[in-house]
Amino acid sequence: MSFKKIDIKDLNMNPFTAIGNDWMLISAGNEEKVNTMTASWGGVGQLWNEHVVTAYIRPQRYTKEFVDREDCFSLSFFDGKKKELGVLGSVSGRDTDKIKDVNFHVTFIDDVPTFEEAKLVFIVEKLYADTIKEECFLNKDVDNKNYPEKDYHTIYIAKIKGVYAKA
């Protein structure tokens, strides 16, 4: 399958639906090894005069090692693949070849891994990362509800280098 680069101004995507309801995959790696994880938290917008995404990864996730090691990662969006995304979000790539298990096929755009099955892909370059801090919560209920184990996400802010749609 091939992807066609589209102008970000032509992007017709509701991020609340695409990320929060339909989910996305965060993927990183190289020709030797790729890992991915399902995410339902994230954002798209403007910051520092750039089109950016925000992605959130807990410290215990195997994908975090790949995102931390690489300069770029991808966010991939799908139609009708919720079962597969459920598996990719609940099984660790440390323990099994979960990508093969769901019959997804890795492809590379600009040397960044994504999947042939995706309908839309953002290739992004990391600009900033920081860990959510317990002492910075203004509403302690949000902390208590989302972080009972105190395993705070790393927030990644990444510049959108390209948006690709299934050709």
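Parameters and conventions
- Residues numbered from 1 in each chain as written.
- Predicted model: local features only at pLDDT ≥ 70, side-chain atom pairs only at ≥ 80, totals over all residues.
- Heavy atoms only, no water.
- Buried < 20%, exposed > 50% of the residue type's maximum accessible area, 1.4 Å probe, protein only.
- Helix = DSSP H or I, 4+ residues; strand = E, 2+ residues; numbered from the N terminus.
- Pairing = 2+ DSSP bridges.
- Contact = heavy atoms within 4.5 Å.
- Core = buried A, V, L, I, M, F, W, Y, C linked by side-chain atoms within 4.5 Å.
- Patch = residues over 30% accessible without salt bridge, like charges linked within 9 Å, V, L, I, M, F, W, Y side chains within 5 Å.
- Areas by Shrake-Rupley, 256 points an atom, 1.4 Å probe, with all protein chains shown as cover.
- Salt bridge = Lys/Arg side-chain N within 4 Å of Asp/Glu carboxyl O.
- Lys, Arg positive; Asp, Glu negative; His and termini not counted.
- Charge placed at Lys NZ, Arg CZ, Asp CG, Glu CD.
- Phe/Tyr/Trp six-rings, centres within 6.5 Å; stacked < 30°, edge-to-face > 60°.
- Lys NZ or Arg CZ within 6 Å of the ring centre and 35° of its normal.

By the criterion of burial, strand β6 (residues 72-77) is predominantly enclosed, with six of the six residues buried. Side chains Cys 72, Ser 74 and Ser 76 of β6 all project onto a buried face; the interleaved residues Phe 73, Leu 75 and Phe 77 project onto the opposite face, where all are buried too. Two elements, strand β2 (residues 24-29) and β6, share three bridges in a ladder whose sense is antiparallel. For Ser 27, the partnering residue across the bridge sits in β6 and is Ser 74. Note that β6 and strand β9 (residues 120-131) share six bridges and pair antiparallel.

With that settled, consider the pairing of strand β10 (residues 154-166). Pairing between strand β1 (residues 3-6) and β10: four bridges, direction antiparallel. By the bridge assignment for β10, Lys 5 is matched with Tyr 164. Bridge analysis of strand β5 (residues 50-57) against β10 gives six bridges, and the strand direction is antiparallel. Opposite Ala 55, over in β10, you have Tyr 156 as the bridge partner. Examined bridge by bridge, β9 and β10 share eleven bridges and lie antiparallel to one another. Across the sheet, Glu 125 pairs through a bridge with Lys 159, a residue of β10.

Below, the discussion takes up helix α2 (residues 62-69). Among the residues making up α2, those that are buried are Tyr 62, Thr 63, Lys 64, Phe 66 and Val 67. Taken together, the buried residues of α2 touch β2, β3 (34-39), β5, β6, β9 and β10.

If you look at soluble globular proteins, the nonpolar side chains tend to sit buried side by side. Ile 26, Phe 73, Leu 75, Phe 77 and Phe 122 are the most contacted members of the largest nonpolar core, which has 24 residues in total. For this core, the secondary-structure elements that each account for two or more residues are α1 (15-21), β2, β3, β5, α2, β6, β9 and β10. The contact partners of Phe 122, leaving out residues within four places of it in the chain, are Leu 11, Met 13, Val 44, Val 53, Phe 73, Ser 74, Leu 75, Phe 77, Ile 160, Gly 162 and Val 163. Ranked by size, the runner-up nonpolar core spans 17 residues in total, among them Phe 3, Phe 104, Ile 109 and Tyr 164.

Another point: unusual backbone geometry. The backbone of Trp 48 sits at a positive phi, close to 55°, despite the residue not being glycine. Mapped onto the secondary structure, Trp 48 falls in the loop between β4 (42-47) and β5. Classification of Trp 48 as partly exposed rests on a relative accessible area of 48%. Phi angles above zero are rare outside glycine, and Asn 103 is one such case at about 60°. If you trace the backbone, Asn 103 turns up in the loop between α4 (98-101) and β7 (106-109). On the accessibility criterion, Asn 103 (52% relative accessible area) is exposed.

Take a negative patch on the surface next. A cluster of like negative charges, contributed by Glu 31, Glu 32, Asp 110 and Asp 111, occupies part of the molecular surface. Mapped onto the fold, Glu 32 is located in the loop between β2 and β3. Overall, Glu 32 belongs to the exposed group, its relative accessible area being 76%.

On to the side chain of Thr 107. Examined against the element boundaries, Thr 107 turns out to sit in strand β7. Residue Thr 107 is classed as buried on the basis of its relative accessible area of 18%. The residues contacting Thr 107, other than those within four sequence positions of it, are Phe 3, Val 112, Pro 113, Thr 114, Phe 115 and Glu 116.

Attention now moves to the packing of aromatic side chains. One pass over the structure, following the stated rule, counts nine aromatic pairs. Linked through ring pairs, Phe 78, Phe 104 and Phe 115 together constitute an aromatic cluster. The residue whose ring lies beneath Arg 69 is Phe 66, and the NZ or CZ to ring-centre distance is 4.7 Å. Taking NZ or CZ as reference, Lys 82 lies 4.1 Å from the ring centre of Trp 23, over its face.

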